[in-house]
Every structure is written in C-alpha cells, then in structure tokens.
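Residue-level listing of the chains:
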Amino acid sequence: MYVILDTDPGIDDACAIAAALNEPSLHLLLLSAVGGNVSVENTAKNALRLVEFFGKEVPVAKGCSHPLMQEPRHTAVHGETGMSGYDFPQIRGSFVEEHAVIAMWKAIMQAPEAVTLVAVGPLTNVALLFRMYPEVLTHLDRLVLMGGSDDRGNMTPYAEFNIYVDPEAAQVVFDTCEKHDLPVVLCGLNMTRQAVLTTGDFKDIDQLGRAGHMLASLFSFFYKASQTVGENLDSGARIHDLTTIAYLVHPEYFETKQASVMVDTTMGPARGATVINYRKPKNVTVCQSLDNEKVKVWLKDLLRRIES
Ligand code: RIB
Ligand code: CA
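One structure accompanies this document, and this report is about it. (Residues numbered from 1 in each chain as written. Chains lettered and ligands numbered in written order. Predicted model: local features only at pLDDT ≥ 70, side-chain atom pairs only at ≥ 80, totals over all residues. Heavy atoms only, no water.)

### Quick notes on the overall build of the protein
Point 1. Across its full length, the protein carries 11 helices and 11 strands.
Point 2. Taken over C-alpha atoms, the radius of gyration comes to 18 Å for the protein, in line with the 19 Å a tight globule of 308 residues would show.
Point 3. Structurally, the protein occupies a C-alpha span of about 45 × 40 × 40 Å along its principal axes.
Point 4. Within the protein, contacts between residues separated by at least 24 positions form 80% of all contacts whose residues are at least 6 apart in sequence.
Point 5. If you sum the accessible surface of the protein, you get close to 12200 Å²; carbon and sulfur atoms cover 52% of it.
Point 6. Positive and negative charge centroids in the protein, built from 26 and 37 side chains respectively, lie 2 Å apart. (Helix = DSSP H or I, 4+ residues; strand = E, 2+ residues; numbered from the N terminus. Rg over C-alpha atoms; globule rule 2.2 N^0.38 Å. Contact = heavy atoms within 4.5 Å. Areas by Shrake-Rupley, 256 points an atom, 1.4 Å probe, with all protein chains shown as cover. Lys, Arg positive; Asp, Glu negative; His and termini not counted. Charge placed at Lys NZ, Arg CZ, Asp CG, Glu CD.)

Structure below.
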C-alpha cells in the first residue's frame, strides 16, 4: 500500500510516523509537514529527525505555515520543539526543495498505483493540493484523517484541534472528497479518546530497544504536559494519530458507521465543529470504537521487530 502522510509532529504524530516508517505492509512515499501543534519549521524538522532516527530514505517536504483564513494556533502539550522529551541527534539531511503541496502532487501522480493519503494535522496542505491539482483525486484510493468528532471537541466544546486550526481547509477537503466520491475514513476524538497508552505501557515500550526508549521518553513528556490541559488522563496519554496507521493495517480492529460530514466555518461558538450526519450516509466512514488492546499489541510487536 502506497502512503503519503501529512503531519504536524507532535508527539502522537511521531508515533504514527514511527509506525508508518516501519510497518512492512506500507510503502511511505512522502512525509509532508504542516503548521499545527508547533510551527511548520519545527514540524518539518521533527519529521526529518524521525526519518533519520530510523535510517530511512523517505523524503520530507515543508508545507503551509498558516491556515487559509486565520492566524496559526499552536499547542503546548508537545513542548517547545513539538517533540520534547528526547534529545535527537542533529539533523544531517535536508527537505525536498518544492513546497509540500507540489511534492505531494508529484508523488501521487508518479506512484505506480493509487495512493492512500493520511492526514493527522490541520488540513491546509491537503485543501491546497485538491484546489491546485484536482487531477490527484483520480489517483487516490482514499483519505484517512485524524480530526473532528461526532461528540465533544478538545479545543472548544465542539471543535477538535486539527479542524479548529483551519476549518475552511477542512470544509474544502470534505466537500471535494464528497463531490469526487473519494472515500474518507474519519478517526475522530469520539474514537481516538479510547486510544490510550498507560504509564505501564510506557514502561513496556521503554524496554523495546532504541526506538521504544525514544517513543516512551516522548510519551512521558506528553503525559506530564497533558496533565495541565483538559485532555489530561491519570492513566496515560491519548495517541490520537496512531489510530490512522493502525486502521490502514488492521481495519478489523475498528467499528465504523457511514455518514456525510460538513464543517462549521461560521465565526460562532461552534466554529470548527464537524457536523457528522449518520442519517445522510455518503463517502465518509466514521470510526466509532477501536480494540485498543489489539492496537497496543500491534505497536509493541512492530517496535520489537525494528530491534530484531
Ligand atoms: O486533536 C488531536 C490532534 O491535534 C492530533 O493530531 C494532535 O497531534 C494534534 O495535531
Ligand atoms: Ca497531529
């Protein structure tokens, strides 16, 4: 399966990137960075740090720094760099020269078969890709994204961070996918809140070689930092973005329902909400729940294989 991952690392992104880089059934064509958790300067560097940490040859492209219609909004729970908690070596390589949107277009059009596009940050890059290069839509087999919720948000009572940061981009993406009947898989907070790694899991993962120690160090930072915001958990941390990669590899671990989705782009109190309509089922598969224990077994086995 050919994959492009658009991301704003971000500690939960880092886990998704680690899985995408090392899962044998996935062929990661490109990592495209977008401004989100932290600035795009930092998200791009973090993506490159992870590619080099795992010794892979995946290109990294730097994308949009700003949402389409408003100023950037960052979050503190990933630390100042976006991947605090582990001291990565100095970056040796460089980003691809083109802007991420152009790099995404080229990678999709040159791929030998339809590409799965995964997005785990604000959807600014993806919206511009669809507007600038609509021909990519016939070369994608689906879009799998972490964002939104069919119940409560985490930035406001109604809006989840990735959508909240750029509601206009999200509306462009959902509307374009619906018009082109491109399947979308939505990993929203209603499901990703169940994707918890406990502090006990951190200890297990810390024993799984260099990669496990790096991720466990990041998770520990994320857990402590999350204690200061509303999404805090006593038991551990929610690894939201990992669920998109787990879905690619093990869709059977998820319960889903079909829906249509719109985004509230008004300036009112619900700005950035995903309006998920199960009574008008269209191209969006909305995840309802996941078998978190099986996802954890899959992640730990993957990390063990890296070190073997
Ligand atoms: O709401 C959770 C999402 O926002 C995750 O993708 C996290 O990395 C942040 O980007
Ligand atoms: Ca993210």
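### Describing the site of ligand 1
Point 1. Around ligand 1, the structure places Asp8, Asp12, Asp13, Asn37, Val120, Met146, Asn154, Glu160, Phe161, Asn162, His240 and Asp241.
Point 2. In the environment of ligand 1, an oxygen atom lies 3.0 Å from a nitrogen or oxygen atom belonging to the side chain of Asp8.
Point 3. Take Val120: an N or O atom from its main chain is 2.9 Å from an oxygen atom of ligand 1.
Point 4. Taking 280 Å² as the accessible area of ligand 1 by itself, protein coverage stands at 96%.
Point 5. Elements supplying a minimum of two residues to the shell around ligand 1: helix 1 (11-22) and helix 5 (161-165).
Point 6. By residue class, the composition of the shell around ligand 1 is 3 nonpolar, 4 polar and 5 charged. (Near = heavy atom within 4 Å. Polar contact = N/O pair within 3.5 Å; in protein donor to acceptor, adjacent residues only side chain to side chain. Nonpolar A, V, L, I, M, F, W, Y, C, P; charged D, E, K, R; others polar.)

### Observations regarding the packing of aromatic side chains
Point 1. Scanning all chains against the criterion turns up 8 aromatic pairs.
Point 2. Relative to Tyr133, the ring of Trp105 lies with its centre 4.2 Å away and its plane at 10°, an arrangement referred to as stacked. Here the residue Trp105 occupies a position in helix 3 (residues 100-110), and Tyr133 occupies one in the loop between helix 4 (124-132) and strand 5 (140-146), the gap between them amounting to 28 residues.
Point 3. Take Trp105: its relative accessible area is 25%, and that puts it in the partly exposed class.
Point 4. Relative to Phe254, the ring of Tyr247 has its centre 5.3 Å away and its plane inclined at 65°; by these criteria the two rings are edge-to-face.
Point 5. Its relative accessible area of 7% is what places Phe254 among the buried residues.
Point 6. Every member of this aromatic cluster is reached through a ring pair, and the members are Phe53, Phe54, Tyr86 and Phe88. (Phe/Tyr/Trp six-rings, centres within 6.5 Å; stacked < 30°, edge-to-face > 60°. Buried < 20%, exposed > 50% of the residue type's maximum accessible area, 1.4 Å probe, protein only.)

### Here's the deal with the pairing of strand 6 (residues 184-187)
Point 1. Residue alternation in strand 6 divides its side chains into two sets, Val184 and Leu186 and Val185 and Cys187, and both sets are buried.
Point 2. In this sheet, strand 6 lies alongside strand 5 in parallel orientation, the contact comprising 4 bridges. When the bridges of strand 6 are listed, Leu145 appears paired with Leu186.
Point 3. Relative to strand 11 (residues 284-290), strand 6 runs parallel, the two being bridged by 3 bridges. The residue bridging Val185 from the neighbouring strand is Thr285, located in strand 11. (Pairing = 2+ DSSP bridges.)

### Quick look at the pattern of salt bridges
Point 1. Counting across every chain of the model gives 14 salt bridges.
Point 2. Among the salt bridges present, the one from Glu41 reaches Lys62, with a minimum N-O distance of 3.9 Å. Linking Glu41 in helix 2 (residues 40-53) with Lys62 in strand 3 (residues 60-62), this pair joins segments that are 21 residues apart in sequence.
Point 3. What makes Glu41 partly exposed here is its relative accessible area of 38%.
Point 4. A salt bridge links Asp301 to Arg304, with the shortest nitrogen-to-oxygen separation between them at 2.8 Å. Within this pair, Asp301 and its partner Arg304 are both found in helix 11 (residues 292-307), separated by 3 residues, close to a single helical turn.
Point 5. We classify Asp301 as partly exposed; its relative accessible area is 33%. (Salt bridge = Lys/Arg side-chain N within 4 Å of Asp/Glu carboxyl O.)

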